[in-house]
Amino acid sequence: MVGKVEGAVIALAPLLTPDAVLLIVAVAADLALGDPAYRWHPIRLVGAALTWTERRLRAAGFDGYGGGILLFVVLATVSVGVVLGMLAASRAASELVLWMVHGFFLYSLLALGELVRYVRRIETAVREDDLPRARRSVSELVGRDTAAMDGPACRRAAVESLSENLTDGFVSPLFWYVVAGLPGIVVFKVVSTMDSMVGYKTPRYRRFGWCGARLDDVMNYVPARVTWLIIAGIAAVLPAFSGRKAWRVGLRQHGLLLGPNSGWSEAAAAGALQRQIVGPIWRAGVLVTDLWVGDASDPPLESAGDVSRALLLAVASGLAIAVASVVIIWVQRTT
């Protein structure tokens, strides 16, 4: 029995380990192509499976903490099992097919390119003085009222979403791919999808969504702080940015924002750009915060130039982390 288990592990090893060349290809494809929406996108399939499983768990009476834990176990097991099954079938066909399937999954689970496109879409609408279009695009990124947003508010929301999701949409997937290969990134995306779909503090989801929300906090914990450090490092070498403020504002103000992780990259970006972000936020007609994040001596983020610099900062930081990931994988392979 032990021999069979060892044999299975050895057989699966090539399917589990991260690949540096494929990571380079996937990052390049993500930045060049974005993340096109289509029916069979892996994340859409996970979301559909989540909805189906949630209905059945609740119908069976599992609508509390236990139901949320079962939801994670089912989704993670099925998702990883499907991916491994497809990889095994691909390897049986040829190494080229295996390489293509592995690369497809890796590319599909990165989202920096799509974030950049959303921000550019918002900026284009603001520049063209089409606020209704800008507000619609903002509403697809953030959960706040957009009807009364002016141009600067749309720009701030876009930059805040870009800096926050740099961690969740790009750095964390890379981190878990380096740590645990495709199974690692798949499990992370399952957790991230659970957090976005059921991780709410409402009567319906307070207990059922607890597992997804807490796992999301845990899995983003290290990547969020890595993102802060990388943003500070990149800002220190790019002209017209401030690495010192990125370090200081990230360290001191990350706790002003909700959650244990999202504030690190947002506050760091505000410091790096030498601009204040956030400002008044309304939800369901209620002012939930009028907090400003950033150095008090800096002006609010308002201009098209500020957005362009934010995009440069995010892409440069993402590429720096991607390069570091590739180096780590190569070192792991050669030692």
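Residues numbered from 1 in each chain as written. Predicted model: local features only at pLDDT ≥ 70, side-chain atom pairs only at ≥ 80, totals over all residues. Heavy atoms only, no water.

S.K.: So what's going on with the overall build of the protein chain? Which residues, and what values?
M.R.: The secondary structure content of the protein chain amounts to 12 helices and four strands. The C-alpha atoms of the protein chain give 21 Å as radius of gyration, which agrees with the globular expectation for 335 residues (20 Å, within 12%). Counting only C-alpha atoms, the protein chain reaches 65 × 50 × 35 Å along its principal axes. With 335 residues in all, the protein chain has 50% of them scored as buried. Of the contacts made within the protein chain by residues no fewer than 6 positions apart, 71% connect residues no fewer than 24 positions apart. Between the mean site of the 32 positive side-chain charges and the mean site of the 27 negative ones, the protein chain shows a separation of 3 Å. (Helix = DSSP H or I, 4+ residues; strand = E, 2+ residues; numbered from the N terminus. Rg over C-alpha atoms; globule rule 2.2 N^0.38 Å. Buried < 20%, exposed > 50% of the residue type's maximum accessible area, 1.4 Å probe, protein only. Contact = heavy atoms within 4.5 Å. Lys, Arg positive; Asp, Glu negative; His and termini not counted. Charge placed at Lys NZ, Arg CZ, Asp CG, Glu CD.)

S.K.: So what about unusual backbone geometry? Which residues, and what values?
M.R.: With a phi close to 60°, Asp 129 is a non-glycine residue in the positive phi region. Under the relative-accessibility criterion, Asp 129 is labelled exposed at 64%. Look at Ala 240: it is not a glycine, yet its phi comes out positive at around 75°. Along the chain, Ala 240 turns up in the loop between helix 9 (210-237) and helix 10 (243-253). Residue classification places Ala 240 among the exposed residues on the basis of a relative accessible area of 55%.

S.K.: Can you tell me about the environment of Asp 216, naming the residues and giving the values?
M.R.: Relative to the helices and strands, Asp 216 resides in helix 9. Contact partners of Asp 216, with chain neighbours within four places excluded, come to Asp 168, Val 191, Ser 192, Asp 195 and Asn 261.

S.K.: For the packing of aromatic side chains, give the residues involved together with the corresponding values.
M.R.: Counted under the stated rule, the structure contains six aromatic pairs. Relative to Trp 247, the ring of Trp 228 has its centre 4.7 Å away and its plane inclined at 35°; by these criteria the two rings are tilted. Here Trp 228, found in helix 9, pairs with Trp 247, found in helix 10; they are 19 residues apart in sequence, far enough to count as distant. Relative accessible area serves as the criterion here: at 7%, Trp 228 is assigned to the buried category. Overall, Trp 247 belongs to the partly exposed group, its relative accessible area being 43%. Pairwise contacts between aromatic rings join Trp 228, Trp 247 and Trp 264 into one cluster. One Lys or Arg, Arg 225, reaches over the ring of Tyr 221 and ends 3.6 Å from the middle of that ring. Above the plane of the ring of Phe 241 lies Arg 309, whose end atom (NZ or CZ) is 5.2 Å from the centre. (Phe/Tyr/Trp six-rings, centres within 6.5 Å; stacked < 30°, edge-to-face > 60°. Lys NZ or Arg CZ within 6 Å of the ring centre and 35° of its normal.)

S.K.: Just give me the short version of the pattern of salt bridges, but keep the residues and values in it.
M.R.: Throughout the structure, instances matching the rule amount to 12 salt bridges. Put simply, Arg 204 and Glu 54 hold a salt bridge, and the shortest N to O gap is 3.4 Å. Residue Arg 204 is found in the loop between helix 8 (151-198) and helix 9, and its partner Glu 54 is found in helix 3 (residues 42-59); the two are separated by 150 residues along the sequence. Its salt-bridge partner being Asp 295, residue Arg 248 comes within 2.9 Å of it at the nearest N-O pair. Taken as a pair, Arg 248 in helix 10 and Asp 295 in the loop between strand 4 (292-293) and helix 12 (304-334) lie far apart in primary sequence, 47 residues in all. Three or more residues are tied together by salt bridges with common partners; here these are Glu 54, Arg 58 and Arg 204. (Salt bridge = Lys/Arg side-chain N within 4 Å of Asp/Glu carboxyl O.)

S.K.: Account for helix 8, with residues named and values stated.
M.R.: Counted at 1.5 Å a residue, the expected span for helix 8 with its 48 residues is 70 Å, but the 31 Å between its end C-alpha atoms falls short. Most of helix 8 sits out of view: 37 of its 48 residues are buried. N-capping of helix 8 is provided by Asp 150, with a side-chain oxygen placed 2.9 Å from the backbone N of Ala 153. (Expected span 1.5 Å × (residues − 1). Polar contact = N/O pair within 3.5 Å; in protein donor to acceptor, adjacent residues only side chain to side chain.)

S.K.: Talk me through the nonpolar core; I want residue IDs and the actual numbers.
M.R.: With 75 residues, the main nonpolar core has Leu 23, Phe 170, Leu 174, Ile 185 and Leu 313 as its most contacted residues. Once residues lying within four places of it in the same chain are set aside, the contact partners of Ile 185 are Leu 106, Leu 109, Leu 110, Pro 173, Trp 176 and Tyr 177. Judged by nonpolar contacts, the second largest core, of 16 residues, contains Val 46, Ala 76, Met 194 and Val 198. (Core = buried A, V, L, I, M, F, W, Y, C linked by side-chain atoms within 4.5 Å.)

S.K.: I'd like to hear about the packing of helix 9 against helix 11 (residues 262-273), residue by residue, with values.
M.R.: Helix packing geometry: the angle between the two helix axes and the distance between the axes. It is the contact of helix 9 with helix 11, at a shortest axis distance of 8 Å, that shows an interaxial angle of 10°. Overall, the two elements helix 9 and helix 11 adopt an arrangement that is roughly parallel. Within the contact between the two elements, helix 9 uses Ala 224, Arg 225, Thr 227, Trp 228, Ile 231 and Ala 235 and helix 11 uses Trp 264, Ser 265, Ala 268, Ala 269 and Ala 272. Of the residues that constitute the contact of helix 9 with helix 11, the class distribution is eight nonpolar, two polar and one charged. (Axes fitted to C-alpha atoms, helices over the stretch in contact; angles between N-to-C directions. Parallel < 35°, antiparallel > 145°, perpendicular 65-115°, else oblique. Nonpolar A, V, L, I, M, F, W, Y, C, P; charged D, E, K, R; others polar.)

S.K.: Residues and numbers for the pairing of strand 3 (residues 286-289), please.
M.R.: Note that strand 2 (residues 281-283) and strand 3 share three bridges and pair antiparallel. Across the sheet, Trp 282 pairs through a bridge with Leu 287, a residue of strand 3. (Pairing = 2+ DSSP bridges.)

S.K.: How would you explain the side chain of Asp 298 if you had to name every residue and give the values?
M.R.: Within the element layout of this structure, Asp 298 appears in the loop between strand 4 and helix 12. When residues no more than four places from it in sequence are discounted, the contact partners of Asp 298 are Lys 245, Gln 274, Arg 275 and Gln 276.

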